[in-house]
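# Tertiary structure, described
Now for the letters of each chain:
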Amino acid sequence: MNALSRREEDNLLKITKERALKECHDVVKAFADCVGERTISVAWACRGQLHKMEECMLLYTGPEPYERVRVEYLRLRSEQRVENARLRETESAAKS
C-alpha cells in the first residue's frame, strides 16, 4: 500500500521541515539577524537574506525532496510489515 495516513503525512512534513531548518541554519540565522530589531524596513533591508533562505528551504522542502522522504518512509514501512509478518509466523509455528 502506497497511501499515507494523515498522521504519517504530517509527521513526514514535520521531519522534512526540521531537516531543512537544520541544513539551512546559517541562512535562516542570517535572515533572523537582519530582521532583528527592524519593523517596516524589513521588506527592503532583508530582501536578499529572505530570498536566500527561501531558496535553501525549497531545496529541502520542495516536492522532489518530500517525495524522496515519502518513498524512503514507504520502503521502510513495507520492510517492517514483512518482518512483523515473518515474526508472527515464527511465533505461531513455535506454539503449534
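Every chain is numbered on its own, with residues counted from 1 as its sequence reads. Local features in this predicted model are restricted to residues whose pLDDT is 70 or higher, and side-chain atom pairs enter the listing and the counts only when it is 80 or higher, whereas totals over whole chains, interfaces and linings include all residues. The side-chain numbers reported here are obtained from all heavy atoms of the structure, hydrogens and water having been left aside.

Here a helix means four or more residues in a row that DSSP labels H or I, a strand means two or more in a row labelled E, and each is numbered from the N terminus. Along the backbone of the protein chain there are 5 helices and 0 strands. For the protein chain, the α and β elements follow one another from N to C terminus as α-α-α-α-α. Throughout, radius of gyration means the C-alpha value; the globule benchmark is 2.2 Å times the number of residues raised to the power 0.38. For 96 residues, the compact-globule estimate of 2.2 N^0.38 gives 12 Å, and the C-alpha radius of gyration of the protein chain, at 21 Å, exceeds that figure by more than 25%. With respect to the three principal axes, the spread of C-alpha positions in the protein chain is 75 × 20 × 20 Å. Within the protein chain, the proportion of its 96 residues that are buried is 19%. Contacts spanning at least 24 positions in sequence make up 69% of the contacts within the protein chain whose residues lie at least 6 apart. Working definition of accessibility: Shrake-Rupley area with a 1.4 Å probe, residue cover restricted to the visible protein chains. Summed over all atoms, the accessible surface of the protein chain reaches about 7600 Å², with 56% contributed by carbon and sulfur. Throughout, exposure labels follow a simple rule: accessible area from a 1.4 Å probe, protein chains only, divided by the maximum for the residue type, with under 20% read as buried, over 50% as exposed, and the rest as partly exposed. We call two residues in contact when some of their heavy atoms are within 4.5 Å.

A fitted line through C-alpha atoms represents every axis, and for helices the fit uses only the stretch in contact; the resulting angles, taken between N-to-C directions, go from 0 to 180 degrees. Orientation of helix H1 (residues 6–23) relative to helix H4 (residues 47–61), taken along the N-to-C sense of each, is 140°, at an axis distance of 8 Å. The orientation of H1 relative to H4 falls into the category oblique. Where H1 crosses over H4, the handedness of that crossing is right-handed. The residues of H4 that touch H1, namely those facing Thr-16, Lys-17, Ala-20, Leu-21 and Glu-23, are Met-57, Tyr-60 and Thr-61. Throughout, the term roughly parallel applies to angles under 35 degrees, roughly antiparallel to angles over 145, roughly perpendicular to angles from 65 to 115, and oblique to all others. By definition, turning the near helix anticlockwise from the far helix through less than a right angle yields a left-handed crossing, and turning it clockwise yields a right-handed one.

This part takes up H4. Multiply 1.5 Å by the residue count of a helix minus one, and that product is the helix's expected span. If you check H4, its first and last C-alpha atoms are 20 Å apart, about what 15 residues at 1.5 Å a residue would give, namely 21 Å. All of the buried residues along H4 are Met-53, Cys-56 and Met-57. Along the long axis of H4, the arc covered by the buried residues comes to 95°, so they all point the same way. Seen from the buried face of H4, the exposed residues on the opposite side, beyond 90 degrees, are Glu-55, Leu-58 and Leu-59. Structurally, H4 contributes buried residues whose contacts are with H1 and helix H2 (25–35). The arc under discussion is defined with respect to the helix axis, by the directions toward the C-beta atoms.

This paragraph deals with the state of the cysteines. What we call a disulfide is simply a covalent bond connecting the sulfur atoms of a pair of cysteines. Two cysteine sulfur atoms form a disulfide, by the criterion used here, when they sit within 2.5 Å. Summed over the entire model, instances satisfying the criterion amount to 2 disulfides. A disulfide bridge connects Cys-34 with Cys-46, and the sulfur atoms are separated by 2.0 Å. Taking the torsion about the sulfur-sulfur bond, which here is approximately -95°, the covalent link between Cys-34 and Cys-46 counts as left-handed. Of this pair, Cys-34 sits in helix H2 while Cys-46 sits in the loop between helix H3 (42–45) and H4, and the two are 12 residues apart along the sequence. For the residue pair Cys-34 and Cys-46, the accessibility class agrees, reading buried in each case. Each bonded cysteine of the protein chain is numbered by sequence order, and under that numbering the disulfide pairs are 1-4, 2-3.

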